[in-house]
Amino acid sequence: MPQTASALPSVDFAARNTPLQRCDRLALSLGIAPGHFWIKRDDMTGLVGGGNKARKLELLVAEAIAAGAKTLVTGGASQSNHVRATAAAARVVDLECVAVLAEATPPTEAEGNLILDDLLGARVVWTTREERHVALATTVTALTAEGKAPFEIPLGGSSTVGASAYALCADELATQLSSDMTVVCAVGSGGTMAGLVNGLGPHDRVVGFDVAANPTMAPDLAALIEQTAEFLGREVSTKWRLEPPHANVAYGQPNDDVFAAIRLVADTTGLVLDPVYSGRAMAGLIVLISDGWRPETTHTVFVHTGGLPALFTARYSDRFAMPKNARIEK
């Protein structure tokens with residue numbers, strides 16, 4: 001039966017009406033007129049570090065509680081923002097959290113999100129990316145046998161329920177900007193974009209940048225958009241746009257264009273993007289605009305999906321270390 005997103009059961013722990021920040025200096029750098037480029041501050045949603053996962057988890061955790069869950073189970077890469085947010089959500093509602101993390105070689109020291117996962121009490125099961133789905137199923141079976149009543153939350157929270165949170169975010173955007181807009185976002189598991197597409201309606205108003213988290217992203221995203229539309233009882237939009245992975249760089253791997261984009265945004269707005277999702281989407285947007293693309297709408301809104309802890313890991317931090325010759329000696 002079709003659902004109304006605003007009527008879905010929800011746990012109240014994400015900030016509403018996150019700011020919409022006007023970014024004139026960044027707009028000029030991108031070749032967009034001042035007053036027409038904005039950043040949606042979903043890095044300020046809450047749940048220890050903010051990000052787009054908090055909105056999804058409000059609905060998903062309510063679904064888990066209704067199912068009688070005692071334990072939230074989910075998975076992701078070792079620096080997963082979604083896992084960190086799920087661990088925080090579990091603490092809010094007094095549930096346990098078990099995270100299945102995929103890494104070819106588990107790290108010997110905690111850093112970035114792993115520190116927060118531990119602080120928030122998440123139990124970690126290590127596996128490889130190829131075995132992640134099997135490990136998730138095995139973990140759920142073991143927890144069930146232990147009487148832990150597990151509830152599995154999909155990668156990135158990207159079910160039809162999770163995606164519905166961003167249909168609500170689209171409604172929120174409509175109250176913040178009265179005129180038409182093109183919304184730009186990173187696409188990892190697809191739930192954020194699927195929700196925005198369904199919230200904004202059948203218009204070419206959502207441009208997503210694939211961050212290479214899923215080798216079958218395009219067909220999987222199309223399916224999730226359609227399933228979410230059916231779940232919400234809305235017309236399916238076929239006019240959204242998904243850009244391929246920037247520079248064909250593997251998921252999460254350092255890239256000079258991404259670091260340049262992060263520095264540009266920091267210099268012109270005072271905001272910091274992350275190197276896996278929003279930074280990569282901004283790097284893709286810069287290339288798309290340099291290739292001649294321009295939005296057909298009055299405004300462009302870039303969704304900041306959080307992810308700051310990843311910057312404080314060995315994989316990325318050396319790209320931002322202050323050069324010795326720039327230090328002020330005492």
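Our structure's up above, just so we're on the same page.
Keep in mind the model is a prediction, meaning the values are calculated, not measured.

Visitor: Lay out the packing of aromatic side chains with the relevant residues and their values.
Guide: In the structure shown here, the tally under the stated rule is two aromatic pairs. Arranged with centres 6.0 Å apart and planes meeting at 65°, the rings of Y251 and Y277 form a pair that is edge-to-face. Remark: Y277 occurs in the loop between α9 (256-269) and α10 (278-290) and Y251 occurs in the loop between β9 (241-243) and α9; sequence separation between them is 26 residues. Taking relative accessible area as the criterion, Y251 reaches 21% and is therefore assigned partly exposed. Taking relative accessible area as the criterion, Y277 reaches 18% and is therefore assigned buried. Between the NZ or CZ atom of R55 and the centre of the ring of Y166, over which it lies, the distance is 5.6 Å.

Visitor: Explain the pairing of strand β5 (residues 123-127) to me, using residue names and the numbers behind them.
Guide: As judged from the five bridges shared by strand β4 (residues 96-102) and β5, these two strands associate in the parallel manner. In the strand pairing of β5, A102 is matched with T127. Note that the unit made of β4, helix α4 (residues 113-119) and β5 has a crossover that is right-handed.

Visitor: So what's going on with a nonpolar patch on the surface? Which residues, and what values?
Guide: Judged by side-chain polarity, V272, L308 and F312 come together as a nonpolar surface patch covering roughly 270 Å² of accessible area. With respect to the helices and strands, the residue V272 is situated in the loop between α9 and α10. Accessibility expressed as a relative area gives 36% for V272, which makes it partly exposed.

Visitor: Now, about the sheet that holds strand β2 (residues 37-40): what can you tell me, with residues and values included?
Guide: Read from one edge of the open sheet, six strands run β1-β2-β10-β7-β8-β9, paired in mixed fashion. Since the sheet does not close on itself, it has two edges, and those belong to β1 (20-22) and β9, each with one partner. Going from strand to strand, the sheet's axes swing by 25° on average, the running direction of each strand aside. Pairing geometry for strand β8 (residues 206-210) and β9, over three bridges, is parallel. When the sheet's bridge partners are listed, F209 is paired in β9 with E243.

Visitor: Any details on the nonpolar core? Residues and values, ideally.
Guide: In a soluble, globular protein the nonpolar side chains are often hidden away together inside. L26, F37, I39, M282, L285 and F302 are the most contacted members of the largest nonpolar core, which totals 32 residues. Where this core is concerned, the elements lending two or more residues are α1 (24-30), β2, β7 (181-187), β8, α9 and α10. Tallying contributions element by element places α10 first for this core, with six residues. Ignoring anything within four residues of it in the chain, the contact list for I39 reads P19, L20, Q21, C23, L26, V265, L271, F302 and H304.

Visitor: Let's hear about the pattern of salt bridges: which residues, and what values?
Guide: One pass over the structure, following the stated rule, counts ten salt bridges. The partner of D24 in a salt bridge is R22, and the shortest N-O contact between them spans 3.0 Å. Taking the shortest distance from any N to any O, the salt bridge between D256 and R319 comes out at 2.7 Å. Separated by 63 residues along the polypeptide, D256 in helix α9 and R319 in the segment after α11 (314-317) bring together distant segments of the chain. On the basis of relative accessibility, which here comes to 57%, the residue D256 falls in the exposed class. What you see here is one network of salt bridges that share partners, running through K40, D42, R55 and E172.

Visitor: I'd love a proper account of the layout of surface pockets, names of residues and values included.
Guide: Counted as a void, the largest pocket has a volume near 1100 Å³. Forming the walls of the largest pocket are 48 residues, and the residues nearest its centre are G76, A77, R132, Y251 and Y277. Those elements that place two or more of their residues in the lining of the largest pocket are β3 (71-77), α3 (81-92), α5 (132-145), α8 (217-232) and α11. Ranked by residue count, the leading element in the lining of the largest pocket is α8, at five residues.

What counts, and at which threshold
- Residues numbered from 1 in each chain as written.
- Predicted model: local features only at pLDDT ≥ 70, side-chain atom pairs only at ≥ 80, totals over all residues.
- Heavy atoms only, no water.
- Phe/Tyr/Trp six-rings, centres within 6.5 Å; stacked < 30°, edge-to-face > 60°.
- Helix = DSSP H or I, 4+ residues; strand = E, 2+ residues; numbered from the N terminus.
- Buried < 20%, exposed > 50% of the residue type's maximum accessible area, 1.4 Å probe, protein only.
- Lys NZ or Arg CZ within 6 Å of the ring centre and 35° of its normal.
- Pairing = 2+ DSSP bridges.
- Right-handed = clockwise from strand over helix to strand, strands pointing away.
- Patch = residues over 30% accessible without salt bridge, like charges linked within 9 Å, V, L, I, M, F, W, Y side chains within 5 Å.
- Areas by Shrake-Rupley, 256 points an atom, 1.4 Å probe, with all protein chains shown as cover.
- Salt bridge = Lys/Arg side-chain N within 4 Å of Asp/Glu carboxyl O.
- Axes fitted to C-alpha atoms, helices over the stretch in contact; angles between N-to-C directions.
- Core = buried A, V, L, I, M, F, W, Y, C linked by side-chain atoms within 4.5 Å.
- Contact = heavy atoms within 4.5 Å.
- 1 Å grid on protein atoms, 1.4 Å probe; cavity = no way out; pocket = protein on both sides within 12 Å on 5 of 7 lines; lining within 4 Å.
- Points joined across faces, edges and corners; volume = space filled by probe spheres on them.

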